[in-house]
Amino acid sequence: MTRLRAFAWLLVVATGATSWAVLSESLWFLEHASSSRPREIGLSWWLQSTLTRLELAPSLRLPAIVEHSQSFEEAGGFWRFLAMGMAWNLTLCTGLMILALPVLRLVNRRLRGPDAPWHPAIPLGVGLAFLAPALLHRWFDMASIGSYTDSFFPEVAAAGLALTALGWLCLRVLTSERALRRGVLAVGIVGTVLGAGSLAVGTGMAVTTVPVDAQGAVPQDDRPNVLLISIDSLRADHLSSYGYPRETTPHLDALAREGARFETVISSSSWTLPAHMSLLTSRPQFQHHVDTPRERLDSASLTLPEIFRKAGYTTAAFVSGPFMRAEYGFAQGFDLYDDYSATPAGQASTLAITSPQLVASLNAYLDRWQHQQPRRPFFVLLHMWDAHYDYIPPAPYDTLFDPDYTGSVDGRDFRFGPDVHPDMSARDLEHVIALYDGEIRYVDEHLGQLFDSLRARGLFDDSIVAVTADHGEAFYEHGLKGHRNSLYDELLRIPLLIRHPPSIDAPRVVTPQVRIIDIAPTLMGLAGLATPTGFGLRSPDPRHSARDLSSWLTGEADPAAAPPLLAVSQLDERLLALRANRAKLVHNFEPTDRLELYDLAKDPAEAHDLAAEFPTRSAQLQAELIDFLRLREPSTTTPLRPDPFHQETLRALGYVE
């Protein structure tokens, strides 16, 4: 047997061993997480993401069978999933092998001459097709199924390869070449099957640990559906309905006219991860403790989708930002958590266009939901990413609000590029803001399409539709750009629009200050659900507790008669802010310990720091802040180690060094 042939067969055997290591590792995990749900099959996540980046995803849909979440608690659920996954991955890897064969044949001819036989390239192609993806599982998809494999994967894989090498050596010494070929061929075939299985359970499948509890009784037919929409990086003062002079949000403006608009809503933080965790838990950052990319929500924490699911709702989420991945604990309570169809990755995260895919995925879900008998009402979370930087809206939105600009500055590389800086010309900055507004209008157009789809299905008027954001965006109002760098109102003041004709006498405007932590109990109140014990922030001081505002919308209570709600926001360990209706205190811990005080009634732009002029008022608000911090609870989060691929995405966005 020639060296090339021996190497090729050894590679096939190694493929089987490595695939077995990955498969056994994944099976071990699934055995110890019997209530898990795989959210995607095999390499379809990668394929769908590629189609999305090429803007082909809406027209080139994957087969529905590989998009469905499979429950392992159903009879035969795991084996059905494994069979589908093996078939799916076997097809993909066979295609990869076929593409690799001409290259391998060319290399073989270069090394051995033009008359070199063809067949040695075949086992080598099989090896490359199945060994490489199995090994990539170690690096590519670790965070999606947890960091549990860090402790034993290298040992398992090394042992498998060592045993393979030893077995091949024994066969080579103790048997004839013919027996060796047959034995290695058999192992190669088994390795191919195991390779498909390992990829089904490993690379790209992304198991999400979702506790599956009792679904509850099927509710009455008149229970409203709930659609909660969060638009990333959307500051309230850039919506037309909030007084912005440009018509950035005609469809959201219509939603406001047909429902309720909250004038002043304050987020718990100035970046996505902790703000959305506060949205779904009704807890501030220092209680849920998910404030770094290395923390995962404690599974004992009660979340909004869990409450709806226990009440009999079917729950689903379609998200598109890297900080909305299931690994942070966001999937808790969702029957389906789609963070793969439209979530950008790597450098593409700043350039991706995700709105078409998100709307298409949600419409496909509604198609399936409407064919279910009997139907349970749905709770759906939709996270829109496109308003996030970079600001490169597609035509005609790229010129919609600034058609006469002739300069060279565009919205690309907003975070790191040299063109966007504090000393840039006012005209260039105006153009960057116009591009941001174009992104908002682009998202609004796709939400309009979604609302039209809900109308066509007869669902719009019977559903609670709420639209909000996680944080705003800065354009050098305080010398800073982007977000996650301050706690001024351009970052903390977010929109909140709620439409539900059976409950809300429209149009209604709520003027008192509310918080992002009030949204979840308000949605529960509108849906007729009581806020369960243990959910959300609770305090002896009613000004701090998360509050159900549904009575403000239905006219059962007067907002002016309620105690004023105090909003506390936090940015890591660097900044804290306490905001009342008229005054705001910002406590800076880094680089120096100092206070800032603003009179919001006279100075809504927070341009004049009054802390030195009014030390008594500063001390009073600081005491309020200290009282609030006494509600801090010990952290019970689970440490996370993001996979290198996700780390690259965070680095591209400027979230990690």
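What counts and what doesn't
- Residues numbered from 1 in each chain as written.
- Predicted model: local features only at pLDDT ≥ 70, side-chain atom pairs only at ≥ 80, totals over all residues.
- Heavy atoms only, no water.
- Helix = DSSP H or I, 4+ residues; strand = E, 2+ residues; numbered from the N terminus.
- Buried < 20%, exposed > 50% of the residue type's maximum accessible area, 1.4 Å probe, protein only.
- Pairing = 2+ DSSP bridges.
- Core = buried A, V, L, I, M, F, W, Y, C linked by side-chain atoms within 4.5 Å.
- Contact = heavy atoms within 4.5 Å.
- Phe/Tyr/Trp six-rings, centres within 6.5 Å; stacked < 30°, edge-to-face > 60°.
- Axes fitted to C-alpha atoms, helices over the stretch in contact; angles between N-to-C directions.
- pLDDT = per-residue confidence, 0-100.
- Salt bridge = Lys/Arg side-chain N within 4 Å of Asp/Glu carboxyl O.
- Parallel < 35°, antiparallel > 145°, perpendicular 65-115°, else oblique.
- Nonpolar A, V, L, I, M, F, W, Y, C, P; charged D, E, K, R; others polar.
- Expected span 1.5 Å × (residues − 1).
- Polar contact = N/O pair within 3.5 Å; in protein donor to acceptor, adjacent residues only side chain to side chain.

That bond from Ala395 to Pro396 is cis: its omega, 5 degrees, falls within 30 degrees of zero. Here Pro396 shows up in the loop between β9 (378–384) and α12 (426–456).

All right, on to the pairing of β9 then. Within β9, seven of the seven residues are buried, which leaves it mostly tucked inside the rest of the structure. What you see with β9 is no split at all: Phe378, Val380, Leu382 and Met384 on one side and Phe379, Leu381 and His383 on the other are buried throughout. For strand β3 (residues 225–231) and β9, the ladder comprises six bridges, and the chain directions are parallel. Opposite Ser230, over in β9, you have His383 as the bridge partner. Taken together, the five bridges between strand β7 (residues 314–318) and β9 define a ladder with parallel strand orientation. In the strand pairing of β9, Thr315 is matched with Phe379.

Before going further, it helps to examine the nonpolar core. One finds Leu228, Ile229, Ile231, Tyr365, Leu382 and Leu447 to be the most contacted residues of the largest nonpolar core, which totals 134 residues. Element by element, the count of residues in this core is highest for α12, at eleven residues. With near-sequence residues (within four places) excluded, Leu228 lies in contact with Leu279, Leu280, Leu304, Phe379, Val380, Leu381, Leu382, Ala466, Thr468, Ile519 and Leu523.

Looking now at the packing of aromatic side chains. For the structure shown, the criterion picks out 18 aromatic pairs. Judged by centre distance (5.3 Å) and plane angle (85 degrees), the ring pair of Phe286 and Phe628 falls under edge-to-face. Separated by 342 residues along the polypeptide, Phe286 in helix α9 (residues 285–288) and Phe628 in helix α16 (residues 615–629) bring together distant segments of the chain. Across this residue pair, the class does not change: Phe286 and Phe628 are buried. One aromatic cluster is present, built from ring pairs that chain together Phe308, Tyr313, Phe334, Tyr337 and Phe379.

To continue, consider the sheet that holds strand β20 (residues 594–599). In space, the four strands of this open sheet follow the order β17-β18-β19-β20, with antiparallel pairing throughout. In the strand order of this sheet, the two ends are held by β17 (567–571) and β20, each with one partner. Across the sheet, the axes of successive neighbouring strands diverge by a mean angle of 15 degrees, strand direction being ignored. Where strand β19 (residues 583–588) meets β20, six bridges bridge the pair, whose relative direction is antiparallel.

Let us now look at the sheet that holds strand β5 (residues 265–266). In any sheet, the strands associate via hydrogen bonds between backbone groups, in a parallel or an antiparallel arrangement. The three strands are arranged β13-β5-β16 in an open sheet whose pairing can be described as mixed. In this open sheet, the two edge strands, each paired with only one partner strand, are β13 (493–494) and β16 (514–515). Of the pairings in the sheet, the one linking β5 to β16 comprises two bridges and is parallel in character. If you follow Val265 over to β16, its bridge partner there is Val514.

Looking at where Glu613 falls in the secondary structure, it is placed in the loop between β20 and α16. With 16 residues separating them along the chain, Glu613 and Leu597 place their C-alpha atoms 9.2 Å apart.

Per-residue confidence for the protein chain gives a mean pLDDT of 78, with 64% of residues at or over 70. Counted against residues more than four places away or in other chains, residues 31–43, with its pLDDT under 50, gives 62 contacts. Scored below 50 in pLDDT, residues 196–220 shows 100 contacts in the model against residues more than four places distant or in partner chains.

Applying the stated rule across the entire model yields 24 salt bridges. Asp335 is the salt-bridge partner of Arg309, the closest N and O atoms lying 3.3 Å from each other. Linking Arg309 in helix α10 (residues 304–310) with Asp335 in the loop between β7 and β8 (336–338), this pair joins segments that are 26 residues apart in sequence. Residue classification places Arg309 among the buried residues on the basis of a relative accessible area of 0%. We note a salt bridge from Asp452 to Arg455, for which the minimum N-O separation is 2.9 Å. Of the two residues, Asp452 and Arg455 both sit in helix α12, three residues apart, roughly one turn of that helix. Under the relative-accessibility criterion, Asp452 is labelled partly exposed at 45%. The exposure class of Arg455 is partly exposed, given its relative accessible area of 41%.

On to the environment of Ala316, then. Structurally, the position occupied by Ala316 is in strand β7. Linking Ala316 and Ala331, residues 15 residues apart in sequence, is a C-alpha distance of 8.9 Å. Beyond its immediate sequence surroundings of up to four residues, Ala316 is in contact with Phe334, Leu336, Tyr365, Phe379, Val380 and Leu381.

What follows deals with the packing of helix α7 (residues 250–257) against α12. Interhelical geometry of α7 versus α12 gives an angle of 55 degrees and a closest axis separation of 7 Å. Taken together, α7 and α12 sit at an angle that is classed as oblique. Contacts between α7 and α12 pair Pro250, His251, Leu252 and Leu255 from the former with Arg441, Asp444, Glu445, Leu447, Gly448 and Phe451 from the latter. For the contact of α7 with α12, a count of residues per class yields five nonpolar, two polar and three charged.

By secondary structure assignment, the location of Phe262 is in strand β4 (residues 260–262). Residue Phe262 is classed as buried on the basis of its relative accessible area, which comes to 0%. Setting aside its immediate chain neighbours within four residues, Phe262 contacts Tyr242, Leu496, Ile498, Val510, Val514, Leu549 and Leu553.

The terminal C-alpha atoms of helix α11 (residues 355–370) lie 22 Å apart, and with 16 residues this matches the ideal 22 Å at 1.5 Å per residue to within 8%. For α11, every residue scored as buried is listed here: Ser355, Gln357, Leu358, Val359, Ser361, Leu362, Asn363, Ala364, Tyr365, Leu366 and Trp369.

Below, the discussion takes up the side chain of Ser282. Its place among the elements puts Ser282 in the loop between α8 (272–281) and α9. At 2.8 Å, the side chain of Ser282 and the backbone oxygen of Ile517 are in polar contact. If sequence neighbours within four positions are ignored, Ser282 has contacts with Met277, Ile517, Ala520, Pro521, Phe535, Gly536, Leu537 and Ala546.

Here Ser267 shows up in the loop between β5 and α8. Judged by its relative accessible area of 1%, Ser267 falls in the buried class. Within the structure, Ser267 has its side chain in polar contact with the backbone oxygen of Asp470 (distance 2.7 Å). For Ser267, the contacting residues outside a window of four places in its chain are Ala275, Asp470, Leu492, Ile494, Ile516 and Ser569.

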